[in-house]
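# An overview of the molecular structure
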Amino acid sequence: MSEIAANLALVRQRIEAACRRVGRAAADVELIAVSKLQSAALIRQCHAAGQRAFGENYAQELRDKASQLADLPDLQWHAIGPLQTNKARYLVKHAHAFHALERTEVAQELSRRRTGPALRCFVEVNLAAETSKRGVAPGAIAGLLDSVRDLAGIEIVGLMCLPPLAAQAEDSRRYFRQLKELASAHQLSELSMGTTSDFEVAIEEGATAVRVGTAIFGERPASIEP
Ligand SMILES: *Cc1c(COP(=O)(O)O)cnc(C)c1O
């Protein structure tokens, strides 16, 4: 078994255990393997171990990897990083979902360029009003939803967050809980929350998608450029 296959198996076991603790079905939690800055070869190993959903932060990297890995069956790309309007074209062709929607202009551009099935979008919420973080303030969710509601080609399915860096996973719990309350208040059913440091807590609080990189691939290289 490759190291990645072993890591993946362990993460899946931890997801199942977290689900069991709160009486959820493991099938209701999607694992997105965050492969940003990791090589296409490692993604191949992970795919060989059964993983199908991969997360990328940078639109051009997503596009490049999608073409390098076009031979892999059923591979699903999730764009999870902030997106500039002029980069939307790099992901509309390949992405299954976009987890970091925060601006109407980006939604309009995605809508204009998307062909095929609707791009599943999550609104990123900046829960702790951190200046270093992206996302809309909780009070701005309704306005953003109103402005994108009628756009073709995209569908808003849920909310996403990246809580403040914390010493312990437990510290993220109140943010995950808050994201769930906000999603319910806006009639959204999906929650993209939890990373290597806190995905089990996120699942206990209702995550429907967890974005896990380091626990699967190991530490990220600073860059994949030579
Ligand atoms: C990098 C990243 C992740 C994965 O982080 P890990 O700590 O490696 O699990 C998840 N979500 C977003 C938005 C990221 O940028």
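Here the structure is shown first, and the text comes after it.
All values derive from a computational prediction rather than experimental measurement.

This part covers the nonpolar core. Core analysis: the biggest nonpolar cluster contains 65 residues, and Ile15, Phe98, Leu110, Ile156, Leu159, Val210 and Ile216 have the highest contact counts within it. No other element matches the six residues that helix 1 (residues 3–21) contributes to this core.

Taken together, Val34, Lys36, Asn57, Ile80, Met160, Thr195, Thr196, Arg211, Val212, Gly213, Thr214 and Arg220 make up the full set of residues near the ligand. Between Thr196 and the ligand, the recorded distance is 2.5 Å, taken from a side-chain N or O atom to an oxygen atom. A distance of 2.9 Å separates a nitrogen atom of the ligand from a polar side-chain atom of Arg211. The protein chains hide 88% of the 390 Å² of surface that the ligand would expose on its own. Residues belonging to the shell around the ligand are distributed by class as follows: four nonpolar, five polar and three charged.

This next bit is on the packing of aromatic side chains. Throughout the structure, instances matching the rule amount to one aromatic pair. Seen in terms of ring centroids, Phe54 and Trp77 are 6.1 Å apart; in terms of plane orientation they differ by 50 degrees. Their pairing is tilted. Separated by 23 residues along the polypeptide, Phe54 in strand 2 (residues 53–56) and Trp77 in strand 3 (residues 76–79) bring together distant segments of the chain. By the burial criterion, Phe54 is buried, and Trp77 matches it. Taking NZ or CZ as reference, Arg89 lies 4.6 Å from the ring centre of Tyr90, over its face.

Turning to the environment of Val22, a few remarks are in order. Mapped onto the fold, Val22 is located in the loop between helix 1 and strand 1 (30–34). Accessibility expressed as a relative area gives 38% for Val22, which makes it partly exposed. Counting along the chain gives 182 residues from Val22 to Glu204, while the straight-line C-alpha distance between them is 6.0 Å. Setting aside anything within four residues of it in sequence, one finds Val22 in contact with Ile203 and Glu204.

Here is what the cut-offs are and how they apply
- Residues numbered from 1 in each chain as written.
- Predicted model: local features only at pLDDT ≥ 70, side-chain atom pairs only at ≥ 80, totals over all residues.
- Heavy atoms only, no water.
- Core = buried A, V, L, I, M, F, W, Y, C linked by side-chain atoms within 4.5 Å.
- Buried < 20%, exposed > 50% of the residue type's maximum accessible area, 1.4 Å probe, protein only.
- Helix = DSSP H or I, 4+ residues; strand = E, 2+ residues; numbered from the N terminus.
- Near = heavy atom within 4 Å.
- Polar contact = N/O pair within 3.5 Å; in protein donor to acceptor, adjacent residues only side chain to side chain.
- Areas by Shrake-Rupley, 256 points an atom, 1.4 Å probe, with all protein chains shown as cover.
- Nonpolar A, V, L, I, M, F, W, Y, C, P; charged D, E, K, R; others polar.
- Phe/Tyr/Trp six-rings, centres within 6.5 Å; stacked < 30°, edge-to-face > 60°.
- Lys NZ or Arg CZ within 6 Å of the ring centre and 35° of its normal.
- Contact = heavy atoms within 4.5 Å.

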